[in-house]
Each structure stands twice: as structure tokens, then as C-alpha cells.
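# Chains, contacts and geometry: an overview
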Amino acid sequence: MQNIDLIAIGKMNAAYFAQGVAKYQKRLGGFCNFRIIELPEVQIADKNASDRQIAKALQKEGEAILASVRRSAYLVALCVEGKQVSSEDLAAMIADRAMSGAGYAFVIGSSHGLDDSVKRAAQARISLGRITLPHQLARLVLTEQLYRACTINAGMKYHK
């Protein structure tokens with residue numbers, strides 16, 4: 001069974017988002033070995049943080065992210081400059097590697113984004129669209145889309 005990891009910076013502290021993610025996480029268990037890896041967000045004490053302070057925090061988060069990626073995983077960074085993909089595109093991407101048994105690591109950064117080291121290491125960069133989503137909502141949307149992609153690949157009626 002294919003491994004699909006979701007590596008996310010920060011915790012789910014809104015119950016309604018956490019419940020939605022848990023629902024799709026459970027459903028994904030029938031299609032893949034799905035796990036969520038939550039890494040702590042580096043706290044920046046200064047509300048008016050300098051670009052340097054933000055870059056230093058992103059670098060620490062990036063190191064933790066890259067250390068959490070499974071060795072053979074295809075790394076996918078979610079970022080604003082990423083390519084917008086359809087549900088069918090995502091399904092095709094997942095099916096592509098399923099045949100080889102290799103897995104995926106999808107990464108959602110903190111509110112400041114992702115460090116360039118993660119973006120450079122990623123084999124793909126995707127975007128959930130041109131709108132800005134809170135990170136907890138982005139996690140829910142991505143989890144649902146991963147489930148949708150799996151149902152598309154299985155020929156199920158979930159996707160219309």
C-alpha cells in the first residue's frame with residue numbers, strides 16, 4: 001500500500017477543522033498508509049518581526065520538515081507560486097507513483113510560508129488556488145482532495 005504523508009507546521013486547534021481532517025484521514029486508510037506529521041511552528045516573539053527573523057524561523061522549520069520526509073518520498077510543497085492542479089491532475093500524480101510503490105510527502109508550511117530549502121528539495125510545487133486559506137483549512141482541503149484523488153483512481157462515485 002502506498003505511503004502518503006502530510007507534513008504540516010502547527011497544530012489543529014479548531015475542533016471543526018480537526019474533525020474534518022480526522023474524517024478524511026480515516027477514509028484514506030482504505031486506500032493508502034496515510035499519516036499526518038505535525039511539527040511545531042517556530043514562535044517569533046516580535047509582532048513586527050524583521051525579514052531576517054522570519055527567515056531564521058522558516059529555516060528552522062524547513063530543517064524539521066526535511067528531516068521528517070521519508071527517504072523515497074516524492075516531496076510536494078504547497079505554496080502560492082505552485083502550479084494549480086485539478087482533482088484529476090492530483091489523482092494522476094498519485095497513480096503515477098502508486099505503481100512503483102513509492103510514496104508522497106505533501107508539505108504545508110507555517111503562516112510565513114515555506115523555507116526556500118524545502119521548495120528547492122520538492123519535486124513538485126502545487127497551489128490550492130489563488131485565494132489565501134488559513135493553514136488549518138488548507139490542511140482540511142488537501143486531505144479531502146487526497147481522498148478524492150484516491151476515489152478517482154479507484155473508480156468510485158465520490159467524484160462527480
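My aim in this report is to walk through the structure given alongside it, one point at a time. Everything numeric in this text was worked out from a predicted model, so none of it was measured. (Residues numbered from 1 in each chain as written. Predicted model: local features only at pLDDT ≥ 70, side-chain atom pairs only at ≥ 80, totals over all residues. Heavy atoms only, no water.)

## What to know about helix H3 (residues 87-98)
Let me state the cut-off plainly: A run of H or I in DSSP counts as a helix once it spans at least four residues, and a run of E counts as a strand once it spans at least two, with each numbered from the N terminus. Multiplying one less than the number of residues by 1.5 Å gives the expected span of a helix. Partly exposed describes any residue whose relative accessible area lies between the buried limit of under 20% and the exposed limit of over 50%, with all areas from a 1.4 Å probe on protein chains only and scaled to the type maximum. Relevant arc is that of directions from the helix axis to the C-beta atoms, nothing else.
Relative to the 16 Å expected for 12 residues at 1.5 Å per residue, H3 spans 16 Å between its end C-alpha atoms, a close match to the ideal helical length. Three or more residues of H3 are buried, namely Ser87, Leu90, Ala91, Met93 and Ile94. Within H3, the buried residues cover an arc of 160° as seen down the axis, which keeps them to one side.

## Topic: the environment of leucine 39
Put simply, the rule reads: Two residues qualify as a contact provided that any one of their heavy atoms is within 4.5 Å of a heavy atom in the partner residue.
Structurally, the position occupied by leucine 39 is in strand E2 (residues 33-39). Spatially, the C-alpha atom of leucine 39 lies 7.5 Å from that of isoleucine 65, the residues being 26 residues apart in sequence. Excluding its chain neighbours within four sequence positions, the residues that come into contact with leucine 39 are Ile7, Ala8, Ile9, Gly10, Ala64, Ile65 and Ser68.

## Here we look at the packing of aromatic side chains
Each aromatic ring pair is described using two quantities: the centre-to-centre distance and the angle formed by the ring planes. Basically, it comes down to this: Only rings of Phe, Tyr and Trp enter the pairing, Trp through its six-membered ring, and a pair is recorded when the two centres are within 6.5 Å. The plane angle decides the type: under 30 degrees is stacked, over 60 is edge-to-face, the rest tilted.
Summed over the entire model, instances satisfying the criterion amount to five aromatic pairs. Residues phenylalanine 31 and tyrosine 147 carry aromatic rings whose centres are separated by 5.8 Å and whose planes lie at 70° to one another, so their mutual orientation is edge-to-face. Taken together, the residues span a long stretch of sequence, with phenylalanine 31 in the loop between helix H1 (15-28) and E2 and tyrosine 147 in helix H5 (residues 135-153) at a distance of 116 residues. Note on phenylalanine 31: relative accessible area 25%, which makes it partly exposed. Every member of this aromatic cluster is reached through a ring pair, and the members are Tyr24, Phe31 and Tyr147.

## Side note on H5
Taking 1.5 Å of rise per residue, 19 residues should cover 27 Å, and H5 covers 27 Å from first to last C-alpha, within 8% of that figure. When you tally the buried positions in H5, you get 14 out of 19 residues, the bulk of the element.

## Observations concerning the layout of surface pockets
A probe matching the size of a water molecule, rolled over the atoms, marks out where space remains unfilled. As a reminder of what qualifies: Grid points spaced at 1 Å over the protein atoms alone were grouped into cavities, where a 1.4 Å probe fits but cannot get out, and pockets, open sets with protein on both sides within 12 Å along at least five of seven lines, with lining residues defined by an atom within 4 Å of a point. Grid points are joined across faces, edges and corners, and a volume is the space filled by probe spheres set on the points. Residues are grouped as follows: Ala, Val, Leu, Ile, Met, Phe, Trp, Tyr, Cys and Pro are nonpolar; Asp, Glu, Lys and Arg are charged; all remaining types, including Gly, are polar.
By volume, the largest pocket is sized at about 420 Å³. Lining the largest pocket are 21 residues, with Leu78, Cys79, Val80, Leu133 and His135 positioned closest to its centre. The set of elements that each furnish at least two residues to the lining of the largest pocket consists of strand E3 (74-84), strand E5 (124-127) and H5. Taken together, the residues of the lining of the largest pocket sort by class into 10 nonpolar, nine polar and two charged. Approximately 180 Å³ is the volume attributed to the second largest pocket. What lines the second largest pocket is simply Ala8, Ile9, Gly10, Lys11, Asn13, Glu41, Ile108, Ser110, Ser111, His135, Gln136 and Arg139. When residues of the lining of the second largest pocket are traced back to their parent elements, those giving at least two are strand E1 (3-9) and H5.

On their own, these measurements won't tell you what the molecule is for.
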